[in-house]
Structure formats: C-alpha cells, structure tokens
Amino acid sequence: MFLTISTTGTPERPATDLGFLLHKHPGKAQAFSTSYGRAHVLYPEASAERCTAALLLEVDPLALVRRAKGGKGSKGGAPDAALAQYVNDRPYAASSLLAVAVSAVFSSALRGVCKALPERAGEPLPLRVEVPALPARGGPDLVRALFAPLGWTVAAEPVPLDERFPDWGASRYVRLVLEAPEGTLTLSEALRHLYVLLPVLDDAKHYWVSADEVEKLLRAGDGWLAAHPEQKLITSRYLSRRWSLTRQAMERLELVRLADADDTDVEEIDNAVADEPEAETDAAETDGGATDAAGAGTGAAATGAEERTAPLAVLRREALVAALRAADAARVLDLGCGQGQLVQELLKDTRFTKVVGVDVSMRALTVAARRLRLERMGERQAERVELFQGSLAYTDKRLKGYDAAVLSEVVEHVDPERLPALEYAVFGAARPRTVLVTTPNVEYNVRWESLPAGHSRHSDHRFEWTRAEFRHWADGVAAQYGYDVTYAPVGPDDPEVGPPTQMAVFAQRTAATPTDHGMNDSSGKNSTNSTNSTNSSDSDSGSDEGAEAA
C-alpha cells in the first residue's frame, strides 16, 4: 500500500521544506509500528526544485484477522469469509488502513502544525499526490466528483482486471494522480482530504465505527465538507452507513453551512433554546407570575381582586389554533417551532392531519422531539407529525403543499435587510394558502414592570415593531405576493398602547401571482444571504417569557 506526495520549489523556498512540514527528515528512511503492520516514510527525491515523500504501509494479514475476531472488528468492513480474511486486497490497495497510517505518521502535518516553519504550514503549495492502487466503488467518475470540487486536477485511470485479457474489462481499482497548482491547497488540507476520502472510495473500514467517528469526520472535514456537493455520500460512507451517526453528522454540518453563509459562529445559529432546563421554561408559561402575562394591572396584582389569566404564550397559541381552524387548514407548518409547544397543541386536534415543525436549531428540535415523545408515539399519530432542520433564508421544496404556515415570534429575530429573503421563501416559494405571523408590539413594553425602559423583550431581537410599523410591513408583503391581510390582537388590548402581541392573518387571493422582485436566481434558490436564528421562535422556545410571564 503506497502513496507519494510531491511539491516543487525554488532556491529561496526549497521544496525540501516538505520535510519540515511532514516532520520527517528527507535524509533518512523511518519506520513506525501500527496495529496492522509497519509504516515506512522515505524520500525518493529531495532537492530544492522537487521533493517527494512516500508512505509505504506493510500490512500484516494475520494481524487483521486476529483483531477482526474480537467481534466488532468485522462489522467495520474487514472481510470475514473463511478464505477472504487471509487472501484479499488489504495489503495492496489504499483504504482506511492507509488513511489511519496518514493520521498516525503525519499527525502534526494533518493539523497544520509546524514549529520549525509555522508560516509555511499555512501557505498553499504546489502539490502532486499519487496512489497506484485505489479501490473506487463508483468508478473514476466518483473519484472526480469527490476530489475536483476541492481544487484538485484529477486523473483516475481504471486498472484492468488482467492486462493479458483486456476483454475482461476494468477492475474496481484506479491509478490516482491528484495535482493542485500553487495557491490552491495547504498540505494540511490535502492530507485531510485523503484521510476522509480514501475510505469513502473504498466504501469500507477495517475497524468498528463508533460515535467518536463523527468528531473525527467533522474535524478532518472542517472548512470543506459542509459545502461539498457530495456531502451526504461522503458522510454516509465514512460512517459505514450507520444511519444514526450519519444523521448526527449531517445535522451538525448543516449548522456549519448556515453559520458560514451568515459569517457567524455555529453557537449564534443554534441559539433557539436557552441553557436552562426545559422544566424551567415550562414553568415560565404556567407559574404564578402570570399576572403580567395576562396584562393585569399592578393594582389587581396587589389586591388580588382579579383572577390570574393565562400566560401570553398560552394566549398566543390559542389565538393561532383558532385562526388555523377558521382557515380550515389541515396541513400546517410551524416555521421556527422552537421546543414544539404549538406542534404539541395542534396534534391534540385531529382536524390537523399533518403538522410539521421546522427550526434552524438542532437543540430546539431535540427538545421538541422529547416533548412530543416521538420515540414512543403510536404509528398513526407519528404519521401526522414531522420535525426537520431548515433555514427560512433559503427556499425549500419541503415547505410546499401546505394549507397554512405559522411564523410565531420569528420575524423579529431577522435583520431588517434580510427580511426579503424570509418573505420570498415563505410567501413567494412555499406559498401556503394561509400564513399567520405574530410579533411583539413594542408599544406595550411600557406595561412590563420587569422590562427596563428602552430594552427589547429578548436579547436576540433585531427590532420590535409598533402597530403601525407591523401593518406597513404586512401590507407590503401582502401586496407583493398576492395575499389579503387582516389583523388581530393577542392578549388584552390596552386602549392606549394596544395588545402585547400583534397577529397578521394572510389569506392567499385566488389565482394570485407574486410580484417579481428579483429575489430568485436561476437555480430557484434565494440569492439573499442567510440570517442567523431565522427559524428561532420565542413563543415555543420560551426565551421571551421572562418578560411576558415573569
């Protein structure tokens, strides 16, 4: 099993710097023990103009058999048939064995660390990688599909089954040559590509794939896997098609993609759920502080003359459910479902035949799944509900075909200049028959004794609208996308400042056509940049209830 890595240089920046970057001296051959044999590093050529490092892995077939007989080893992909476990291609063809050797022998280079030449470690180099025998389940086309998007020029020549019998055709092996011109890839990036993609092409692993493989994949795929067009195939194959691990990795990669698109941190995207326990969030909706949530005055609170009414979060869900019933909606989207309180409420009514919760935060969706007890739910009930991750900054074909969509306490989490992206994704692309939007009424904030003057109800709010501002926005959206809109208060309607929450009910006009506003690119994907926390709902995450139900 063999691979070479070559680079070129000049007298001022000699190619032999490769030895420093790999932490292996070009002037001597070195050997390292591995679990399955010995790895050798040597330099067939080393000059200022050109330097080549070779990694030769001698695999002990008996060691493979012994370790596989431990039980779980065979499940990782090592052949376990009576003869095949001794006679196979593992000692000769590049596979996960070689990937593990790369990680072990070139561990510092893989991480991009070089104490001797730290500035060189971060510089792109002209690179050439050769692998004489690479198993490629998917053929040369798949090899190109995996490496070409990463900046490599790919030459994948099929190896014939037997050169003496050309009629037998090609084997599943290719001779691989990868070239990256100067300024394209660092050595660390090249090694991480090989570490992930060699076992992906082989579609097998010689060891048991456990949960820590997700971390290894994300670490090696940092900076390139989240945006790779073959991300799903890479993730599935690398994790030996273990569905639970693949789903976990894909969810985390989606957060990385959204964070990159918004030029922010993953933690800022996955912020729909506060760090306090779920039980505390529930308490905020049902506990004794409901006086403010109901909008009762402080005098009533002091005298106890008036009975406490429901918290605002509960009143909001009641208003939403009533509006959905009035719209005769059966298939409903909860966009920014948070912890799933509205989804849970809708499932109590059998007239809602399909309820889908969407949120950008996997933490929120995990809490929602627990709240709904999805794992214990009966088959018929489970068919009515679905939770999935998504961002309203992008058009999503999964959102089409529904009677109604709910945006409860969502729009205020979106930067104003990015609201058109959300508007198009919901009203222009998904186009449900009815859309319900609730948002805080900033005029009512003076009634919150616990809210300091000039403060928003939640630290993540990009804005809070007056009643006039909300109507101006909603009227514009309705006119642009072919909807009629009406308004309703949620909570007590104060004669001076209005209700604590304002709701707009959008009803699609018959045969309405949205106004063309240039938001769509040729792929049908929203061309406006994404926004962090686009789907994070205050009403269901409980994050605003500190002000509304404290």
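Residues numbered from 1 in each chain as written. Predicted model: local features only at pLDDT ≥ 70, side-chain atom pairs only at ≥ 80, totals over all residues. Heavy atoms only, no water.

### What to know about the overall build of the protein
- When its secondary structure is counted, the protein shows 22 helices and 14 strands.
- Within the protein, the fraction of its 550 residues that count as buried is 52%.
- In the protein, once contacts between residues fewer than 6 apart in sequence are set aside, the share between residues at least 24 apart is 74%.
- Of the roughly 24400 Å² of accessible surface on the protein, 50% is carried by carbon and sulfur atoms. (Helix = DSSP H or I, 4+ residues; strand = E, 2+ residues; numbered from the N terminus. Buried < 20%, exposed > 50% of the residue type's maximum accessible area, 1.4 Å probe, protein only. Contact = heavy atoms within 4.5 Å. Areas by Shrake-Rupley, 256 points an atom, 1.4 Å probe, with all protein chains shown as cover.)

### Things to note about the sheet that holds strand β7 (residues 170-185)
- The strand order across the open sheet built from seven strands is β2-β3-β4-β1-β5-β7-β6, with neighbouring strands paired in antiparallel fashion. The open sheet has two edge strands with one neighbour each: β2 (30-34) and β6 (153-160). Strand-to-strand twist of the sheet, defined as the mean angle between neighbouring strand axes without regard to direction, takes the value 15°.
- In this sheet, β7 lies alongside β6 in antiparallel orientation, the contact comprising seven bridges. Each residue of the ladder has a partner; that of Val154, found in β7, is Leu178.
- Sitting on the sheet, helix α3 (residues 96-105) is in contact with β1 (2-8), β2, β3 (37-46) and β4 (50-59), with an inclination near 120° to β4.
- Against the sheet, helix α6 (residues 139-147) contacts β6 and β7, and its axis sits at roughly 160° relative to β6. (Pairing = 2+ DSSP bridges. Axes fitted to C-alpha atoms, helices over the stretch in contact; angles between N-to-C directions.)

### Side note on the packing of α6 against helix α7 (residues 187-202)
- Where α6 contacts α7, the axes come no closer than 11 Å and their chain directions differ by 155°. In terms of their interaxial angle, α6 and α7 are classed as roughly antiparallel. As α6 runs across α7, the sense of the crossing is right-handed. Touching Leu142, Val143, Leu146 and Phe147 of α6 are His193, Leu194, Leu197, Val200 and Leu201, all from α7.
- Partitioned by chemical class, the residues of the contact of α6 with α7 number eight nonpolar, one polar and no charged. (Parallel < 35°, antiparallel > 145°, perpendicular 65-115°, else oblique. Left-handed = near helix turned anticlockwise from the far one by under 90°. Nonpolar A, V, L, I, M, F, W, Y, C, P; charged D, E, K, R; others polar.)

### What to know about the confidence of the model for the protein
- When the pLDDT values of the protein are averaged, the result is 81; 78% of them are 70 or greater.
- Taken as a whole, residues 275-307 scores under 50 in pLDDT and shows 50 contacts with residues more than four places along the chain or in a different chain. (pLDDT = per-residue confidence, 0-100.)

### Description of the pairing of strand β9 (residues 354-359)
- Within β9, six of the six residues are buried, which leaves the element mostly enclosed by the surrounding structure.
- Residue alternation in β9 divides its side chains into two sets, Lys354, Val356 and Val358 and Val355, Gly357 and Asp359, and both sets are buried.
- Here five bridges tie strand β8 (residues 331-335) to β9, and the two strands are oriented parallel to one another. Looking across to β9, one finds that Leu335 is bridged to Val358.
- Of the crossover connections in this fold, the one passing from β8 over helix α16 (residues 341-347) to the parallel β9 is right-handed.
- Across five bridges, the pairing between β9 and strand β10 (residues 385-389) is parallel. Within β10, the position partnered with Val355 by the bridge is Val385. (Right-handed = clockwise from strand over helix to strand, strands pointing away.)

### Examining the sheet that holds strand β14 (residues 501-508)
- Sheet architecture is open: seven strands sit in the order β10-β9-β8-β11-β12-β14-β13, paired in mixed fashion. Bordering the open sheet on either side are β10 and β13 (483-490), each of which pairs with just one other strand. The sheet shows a mean angle of 15° between the axes of neighbouring strands, taken without regard to direction.
- Across seven bridges, strand β12 (residues 434-440) lies against β14 in antiparallel orientation. Counted as the bridge partner of Thr434 is Ala507 from β14.

### Let's talk about the pattern of salt bridges
- For the structure on display, the rule yields 28 salt bridges.
- Note that Asp203 is salt-bridged to Arg241, the shortest N-O span being 2.7 Å. Here Asp203 is found in the loop between α7 and α8 (212-220), whereas its partner Arg241 is found in the loop between α9 (231-238) and α10 (243-262), with 38 residues between them in sequence.
- Look at Asp203 and you get partly exposed, because its relative accessible area is 21%.
- Across the pair Glu496 and Arg447 runs a salt bridge, and its minimum N-O distance is 3.3 Å. Placement of the pair is Glu496 in the loop between β13 and β14 and Arg447 in the loop between β12 and α20 (467-481), with a sequence separation of 49 residues.
- By relative accessible area, which is 61% here, Glu496 ends up exposed.
- The network of salt bridges with shared partners includes Arg13, Asp17, Arg120 and Glu123. (Salt bridge = Lys/Arg side-chain N within 4 Å of Asp/Glu carboxyl O.)

### Quick look at the packing of helix α19 (residues 419-430) against α20
- Closest axis-to-axis distance for the α19/α20 pair is 11 Å, and the angle between their directions is 50°. The angle between the axes of α19 and α20 places the two elements in the oblique class. In this structure, the crossing between α19 and α20 has a hand that is right-handed. For the pair formed by α19 and α20, the contact residues are Leu419, Glu423, Tyr424, Phe427 and Gly428 on the first element and Trp473, Val477, Gln480 and Tyr481 on the second.
- Its residues assigned to classes, the contact of α19 with α20 comprises six nonpolar, two polar and one charged.

### A word on α9
- Of all eight residues in α9, six are buried, a share of seventy percent or more.
- For α9, the complete set of buried residues consists of Gln231, Ile234, Thr235, Ser236, Arg237 and Tyr238.
- One or two residues past the end of α9 sits Ser240, with phi positive at roughly 55°.

### So, the nonpolar core
- Among the nonpolar cores identified, the biggest contains 72 residues, and Leu55, Phe147, Trp152, Leu187 and Val196 are the most heavily contacted of them.
- Tallying contributions element by element places α7 first for this core, with ten residues.
- Of all hydrophobic cores here, the second largest spans 34 residues; its members include Phe388, Val414, Ala429 and Ala504. (Core = buried A, V, L, I, M, F, W, Y, C linked by side-chain atoms within 4.5 Å.)

### Comments concerning a nonpolar patch on the surface
- A contiguous nonpolar patch, built from Phe2, Leu42 and Leu56 and spanning about 200 Å² of accessible area, is present on the exposed surface.
- Checked against the element boundaries, Phe2 lands in strand β1.
- By relative accessible area, Phe2 is classed as partly exposed at 32%. (Patch = residues over 30% accessible without salt bridge, like charges linked within 9 Å, V, L, I, M, F, W, Y side chains within 5 Å.)

### Some thoughts on the packing of aromatic side chains
- Under the criterion given, the structure shown has 13 aromatic pairs.
- Ring centres of Tyr483 and Phe506 lie 6.4 Å apart, and the angle between their planes is 85°; on these two criteria the pair is classed as edge-to-face. Placement of Tyr483 in strand β13 and of Phe506 in strand β14 is noted, with a sequence separation of 23 residues between them.
- Residue classification places Tyr483 among the buried positions, given a relative accessible area of 0%.
- Among the aromatic residues, those joined into a cluster by ring pairs are Phe427, Phe463, Trp465, Phe470, Trp473, Tyr481, Tyr483, Tyr487 and Phe506. (Phe/Tyr/Trp six-rings, centres within 6.5 Å; stacked < 30°, edge-to-face > 60°.)

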